[in-house]
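Each chain, letter by letter, is given below.
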Amino acid sequence: MNARISICSLFRSYFGVVGPLISNELGLAPVEFGWLASAFFGSFAVLQIPVGIAFDRWGMRLPMTLMMIAGAAGSALLAASSDFWSASAGQVAIGIGCAPMGVFSYLGRLHSPDKAARLAATVSSVGSGGALLSASPLSWFTAECGRRAACWRPR
């Protein structure tokens, strides 16, 4: 579960590194770049309540599995994108893949509210720190291998 949080933290910030390259390659207008950069966060935000409902109804395993598959497919779609719409669909799917933050549900079920809150803050801090630390290697990798290779999500 920690690797999943690190990957989602990376996807929250990776667009700052690869976004300008995607924009340049696809010839995006500034407004298209803004929409593309926001597509991840929009889909992530819209799905928070449906994800909670899905967790309550089916448990965490099935929704997380399906949504992670959607996120991996979105990463591949973004890597292969050749226009604004396919890149946007990839960004939306990545947001879908990162939306089920099951660790928070797990912590809430396993611990008292006070302890769960402290642990959730720790998990968020570690994930955000990982996102910051990953920016330099990602920038190097993108410069060496290109934005398409950087968008492929290894599994």
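Residues numbered from 1 in each chain as written. Predicted model: local features only at pLDDT ≥ 70, side-chain atom pairs only at ≥ 80, totals over all residues. Heavy atoms only, no water.

Enquirer: Even after reading the chapter, I still don't get the pattern of salt bridges, so can you show me in this structure?
Expert: When their charged atoms lie close together, side chains carrying opposite charge are able to pair. Summed over the entire model, instances satisfying the criterion amount to one salt bridge. Arg109 serves as the salt-bridge partner of Asp56, at 3.6 Å between the closest nitrogen and oxygen. Remark: Arg109 occurs in helix 7 (residues 102-110) and Asp56 occurs in helix 4 (residues 48-58); sequence separation between them is 53 residues. Its relative accessible area of 65% is what places Asp56 among the exposed residues. Relative accessible area serves as the criterion here: at 51%, Arg109 is assigned to the exposed category. (Salt bridge = Lys/Arg side-chain N within 4 Å of Asp/Glu carboxyl O. Helix = DSSP H or I, 4+ residues; strand = E, 2+ residues; numbered from the N terminus. Buried < 20%, exposed > 50% of the residue type's maximum accessible area, 1.4 Å probe, protein only.)

Enquirer: Is there a simple way to explain the confidence of the model for the protein in this structure?
Expert: Low pLDDT marks stretches whose predicted atomic positions should not be read closely. Per-residue confidence for the protein gives a mean pLDDT of 83, with 90% of residues at or over 70. When mean pLDDT is compared element by element in the protein, helix 6 (residues 84-98) scores highest at 94, while helix 1 (residues 2-13) scores lowest at 60. (pLDDT = per-residue confidence, 0-100.)

Enquirer: For this particular structure, what's the right way to read a nonpolar patch on the surface?
Expert: A contiguous nonpolar patch, built from Trp58, Leu62, Leu66 and Ile69 and spanning about 440 Å² of accessible area, is present on the exposed surface. Among the elements that line the nonpolar patch, the one with the most residues is helix 5 (residues 61-80), at three residues. (Patch = residues over 30% accessible without salt bridge, like charges linked within 9 Å, V, L, I, M, F, W, Y side chains within 5 Å. Areas by Shrake-Rupley, 256 points an atom, 1.4 Å probe, with all protein chains shown as cover.)

Enquirer: Honestly, the packing of helix 5 against helix 6 in this entry has me stumped. Any pointers?
Expert: The axes of two packed helices give the description: the angle between them and the distance between them. The interhelical angle for the contact between helix 5 and helix 6, taken along N-to-C directions, is 155 degrees, at an axis separation of 7 Å. Relative to helix 6, helix 5 is oriented roughly antiparallel. The two elements helix 5 and helix 6 meet at a crossing, and its hand is left-handed. Taken together, the residues of helix 6 that come into contact with helix 5 (itself represented by Met67, Met68, Ala70, Gly71, Gly74, Ser75, Leu77 and Leu78) are Ser86, Ala87, Ala89, Gly90, Gln91, Ala93, Ile94, Ile96 and Gly97. Looking at the contact of helix 5 with helix 6, its residues break down into ten nonpolar, seven polar and no charged. (Axes fitted to C-alpha atoms, helices over the stretch in contact; angles between N-to-C directions. Parallel < 35°, antiparallel > 145°, perpendicular 65-115°, else oblique. Left-handed = near helix turned anticlockwise from the far one by under 90°. Contact = heavy atoms within 4.5 Å. Nonpolar A, V, L, I, M, F, W, Y, C, P; charged D, E, K, R; others polar.)

Enquirer: What is the right way to read the packing of helix 3 (residues 30-46) against helix 6 from this model?
Expert: In contact at an axis separation of 6 Å, helix 3 and helix 6 are set at 25 degrees when each is read in the N-to-C sense. Between helix 3 and helix 6, the interaxial angle falls into the category roughly parallel. Note that helix 3 runs across helix 6; the crossing there is right-handed. Each of Glu32, Trp35, Leu36, Ala37, Ala39, Phe40, Ser43 and Phe44 in helix 3 lies in contact with helix 6, whose residues at this interface are Phe84, Ala87, Ser88, Gln91, Val92, Ile94, Gly95, Ile96 and Cys98. Across the contact of helix 3 with helix 6, the residue classes tally to twelve nonpolar, four polar and one charged.

Enquirer: What is the right way to read the nonpolar core from this model?
Expert: Among soluble globular proteins, nonpolar side chains are generally buried collectively. Core analysis: the biggest nonpolar cluster contains 17 residues, and Tyr14, Val18, Ile22, Leu36 and Ile94 have the highest contact counts within it. Listing elements by their share of this core, those giving two or more residues are helix 2 (15-26), helix 3 and helix 6. (Core = buried A, V, L, I, M, F, W, Y, C linked by side-chain atoms within 4.5 Å.)

Enquirer: Honestly, helix 2 in this entry has me stumped. Any pointers?
Expert: Because each turn of an α-helix spans 3.6 residues, side chains separated by three or four positions end up pointing in the same direction. If you check helix 2, its first and last C-alpha atoms are just 14 Å apart, much less than what twelve residues at 1.5 Å a residue would give, namely 16 Å. Among all positions in helix 2, only Phe15, Val17, Val18, Gly19, Ile22, Ser23 and Leu26 are buried. At the C-terminal side of helix 2, Gly27 shows a positive phi close to 65 degrees. (Expected span 1.5 Å × (residues − 1).)

Enquirer: What is the right way to look at the packing of aromatic side chains in this model?
Expert: Given two aromatic rings, one states the distance between the centres and the angle between the planes to describe the pair. For the structure on display, the rule yields four aromatic pairs. An angle of 25 degrees between the planes, with centres 5.9 Å apart, marks the rings of Phe40 and Phe44 as stacked. Of the two residues, Phe40 and Phe44 are both situated in helix 3; the distance of four residues between them amounts to about one turn of the helix. Classification of Phe40 as buried rests on a relative accessible area of 1%. An aromatic cluster is present here, built from Phe40, Phe41 and Phe44 joined pairwise through their rings. (Phe/Tyr/Trp six-rings, centres within 6.5 Å; stacked < 30°, edge-to-face > 60°.)

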